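Structure assessment
This is what each chain is made of:
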Amino acid sequence: MLTQLKKGYEKLSAVDLFSPAIFFPFVLFCYHLFGNIFDHSRSDVFGLKYSTYPLIIVALVVYYVVYYFVNKKKVMLPSISAPWFYKLFYLGVSVLTVVGLLSLIYLFSTGQIGILDESIRRNINPKLNFLSAFFWFGYLILITEYITKKQLSQKAAIKVLVLSSIFVLALYVLIGYRTNLFMIVFTLVLFFHYSFRRFSFRVVAIMLIVISVAFSAFGHMRVANEDKTVAFNKAPVQAVKLDNKTKTAIAKTKEMPEWFKTVTAEFVNGKIVLGRIIEYTHTNGTMHGELHLSAFKTVLPGENSSPRSIVTDKVNHFSENGIPVTREGRTTTPSLLGQLFLDGGYILLIIGIAFISFLLTAIYNKLKATNQSHYKISYAFITTLLVICVHTGLLDVIFFIFFVGMLFYSLIKKQVSIETK
């Protein structure tokens, strides 16, 4: 029995756990499954009426159907072999990286350090916050290019990668946004996996647990340490109508240990928001593309509602007992499935998941065929971004720009490729 288990573990460890066949669909499935498993009456507080399982099942079926055909046909992204395109891209990234660093310096010099309090983090200058993100995006491309071009030994390359990453991560810890930190950490983890040494099943499992708990705890810490004397942090008093079922659900949630609520909060919140989105579409229909359009309107002159503010309005509108899903002054992350379903129902859900499956598989096939470093960082970045979007959705213009930028980077065909040994 032990011998069979050992052989099974060895076979599992030989599988590339970050491949498009496993990693993204596994995270998508676990995120929504955990939201249902660890609910413990929390969704009953908001009176959810619809199951989220139909959307999860449809998404996974579509993903694997597309993956099967793309992988079977060995479809790969096309390549652009024009040297000027690479030079122009590299120059553009270098300039934006400098702009991002200058924006960060100005933010810190003016006291906009989000980690100090939630009221500061939520009111950081949006333009500077937007520009500051270019620093870590550019860093990921430039540091991997540097390691490849300099032909550093594995030990030297890892040393440069780790030390520079600690510095960059420290800067974004001060800003207080988890998404930036997750993008940097996990993109480099995947790049390390494909460039230096593949992680075993045990290491990947431990890594996922530790990172998930750490980021949940980071989010909890921000809320727990809010300065309640600041008006922005005070929860407004709302008129509520509690029936016996709601009172019972609230009592059950209070019985849960605080650590358990902290660790599972993101999963359960995702289920609650998705459930409310389903309820909204059943009553009012979909938004017919208006949600995605609103993301681009935020960079236009004049007052425009952010897509997450729109989602907040939709999910709170159905609060029959007066208990809001998202408190006033905060915004709501719709999840990837919620974003697609709210804007276009099952049709947009199928199109969106099919595109994701095609893209990840096509880039991965290119990575395996060439083993070039820019395909490694492109696949690592886009996979990480889409994994984060499982919870947040892809509604930030800055991340859409990064997504398109990294997609262009994956289209570059380098004339000479010298990989790190």
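So, how was this worked out
Residues numbered from 1 in each chain as written. Predicted model: local features only at pLDDT ≥ 70, side-chain atom pairs only at ≥ 80, totals over all residues. Heavy atoms only, no water. Helix = DSSP H or I, 4+ residues; strand = E, 2+ residues; numbered from the N terminus. Buried < 20%, exposed > 50% of the residue type's maximum accessible area, 1.4 Å probe, protein only. Contact = heavy atoms within 4.5 Å. Areas by Shrake-Rupley, 256 points an atom, 1.4 Å probe, with all protein chains shown as cover. Axes fitted to C-alpha atoms, helices over the stretch in contact; angles between N-to-C directions. Parallel < 35°, antiparallel > 145°, perpendicular 65-115°, else oblique. Left-handed = near helix turned anticlockwise from the far one by under 90°. Nonpolar A, V, L, I, M, F, W, Y, C, P; charged D, E, K, R; others polar. Expected span 1.5 Å × (residues − 1). Salt bridge = Lys/Arg side-chain N within 4 Å of Asp/Glu carboxyl O. Core = buried A, V, L, I, M, F, W, Y, C linked by side-chain atoms within 4.5 Å. Phe/Tyr/Trp six-rings, centres within 6.5 Å; stacked < 30°, edge-to-face > 60°. Lys NZ or Arg CZ within 6 Å of the ring centre and 35° of its normal. Polar contact = N/O pair within 3.5 Å; in protein donor to acceptor, adjacent residues only side chain to side chain. Patch = residues over 30% accessible without salt bridge, like charges linked within 9 Å, V, L, I, M, F, W, Y side chains within 5 Å. pLDDT = per-residue confidence, 0-100.

Before going further, it helps to spend a moment on the overall build of the protein. Scanning the protein from N- to C-terminus turns up 16 helices and 0 strands. Residues classed as buried in the protein amount to 50% of the 421 residues present. In the protein, once contacts between residues fewer than 6 apart in sequence are set aside, the share between residues at least 24 apart is 82%. Surface exposure of the protein reaches about 20600 Å², of which carbon and sulfur atoms provide 67%.

With that out of the way, let us pick up the packing of helix α4 (residues 83-109) against helix α7 (residues 154-175). Contact geometry of α4 with α7 gives a least axis separation of 11 Å together with a crossing angle of 45°. Taken together, the axes of α4 and α7 are oblique relative to one another. Considering the relative orientation of α4 and α7, their crossing is left-handed. Taken together, the residues of α7 that come into contact with α4 (itself represented by L104, L107 and F108) are L171, Y172, L174 and I175. The residue makeup of the contact of α4 with α7, split by class, is 7 nonpolar, no polar and no charged.

The next point concerns unusual backbone geometry. One non-glycine residue, H288, adopts positive backbone phi at about 55°. In this structure, H288 sits in the loop between α11 (258-284) and α12 (290-297). A positive phi angle, close to 60°, is found at N371, a residue other than glycine. Relative to the elements of secondary structure, N371 occurs in the loop between α14 (336-370) and α15 (373-392).

Here we take up helix α16 (residues 397-411). For α16, spanning 15 residues, the distance from its first C-alpha to its last is 21 Å, which sits close to the expected 21 Å at 1.5 Å a residue. Buried within α16 are the following residues: V397, I398, F399, F402, F403, G405, M406, Y409, S410 and L411. Tucked into the core, α16 has its buried residues touching α4, α6 (126-149), α8 (178-195), α12, α14 and α15.

One pass over the structure, following the stated rule, counts 6 salt bridges. Here K271 ties to D39 by a salt bridge, and the two come within 2.6 Å at their closest N and O atoms. Placement of K271 in helix α11 and of D39 in the loop between α2 (23-37) and α3 (53-72) is noted, with a sequence separation of 232 residues between them. For R308, the salt bridge identified is with D396, shortest N-O distance 2.9 Å.

Counting residues in hydrophobic clusters, the biggest one holds 113 residues, and the most contacted among them are F24, W136, Y172, I353 and F381. Here this core gets 15 residues from one element, more than from any other, and that element is α14. For I353, the residues in contact, after removing those within four places along its chain, are A59, V62, Y63, L336, L337 and L340.

In a regular helix each residue adds 1.5 Å, so 24 residues correspond to 34 Å; α6 covers 35 Å between its end C-alpha atoms and thus fits that length. When you tally the buried positions in α6, you get 17 out of 24 residues, the bulk of the element. Q151 sits one or two positions beyond α6 and adopts a positive phi of about 55°.

Moving on: the packing of aromatic side chains. One pass over the full model with this rule turns up 33 aromatic pairs. Seen in terms of ring centroids, F192 and F199 are 5.5 Å apart; in terms of plane orientation they differ by 20°. Their pairing is stacked. Feature note: the residues F130, F134, W136, F137, F381, F399 and F402 constitute an aromatic cluster, connected by ring pairs. Residue placement shows K149 over the ring face of Y90; its charged tip is 4.5 Å from the ring centre.

Quick look at the environment of T332 now. Mapped onto the elements of the fold, T332 is located in the loop between α13 (307-317) and α14. Distance from T332 to P307, taken between C-alpha atoms, is 8.8 Å for residues 25 residues apart in sequence. In this view, T332 contacts V273, R308, V311, T312, V315 and T326; residues no more than four positions away in its chain are not counted.

Take H391: it is sitting in helix α15. A polar atom in the side chain of H391 sits 3.2 Å from the side chain of E266. Ignoring anything within four residues of it in the chain, the contact list for H391 reads Y31, E266, T333, P334 and S335.

By the secondary structure assignment, V99 is in helix α4. Put simply, V99 and F135 are 36 residues apart on the chain and 7.3 Å apart in space, counted from C-alpha to C-alpha.

Here we come to the packing of α6 against α8. Look at α6 against α8: their axes get within 10 Å of each other, and the N-to-C directions meet at 15°. In terms of orientation, α6 and α8 fall into the roughly parallel class. By crossing handedness, the relation of α6 to α8 is classed as right-handed. Contacts from W136, Y139, L140 and T144 of α6 reach α8 at N180, M183, I184, T187, L188 and F191.

This next bit is on a nonpolar patch on the surface. On the surface, Y53, I57, V61, V65, Y68 and F69 cluster together to form a nonpolar patch covering roughly 590 Å² of accessible area. Along the chain, the position of F69 falls in helix α3.

Here the protein averages 84 in pLDDT, and 85% of its residues register 70 or above. Looking across the protein, the model is least confident in helix α1 (residues 2-14), with a mean pLDDT of 63, and most confident in α3, with 97.

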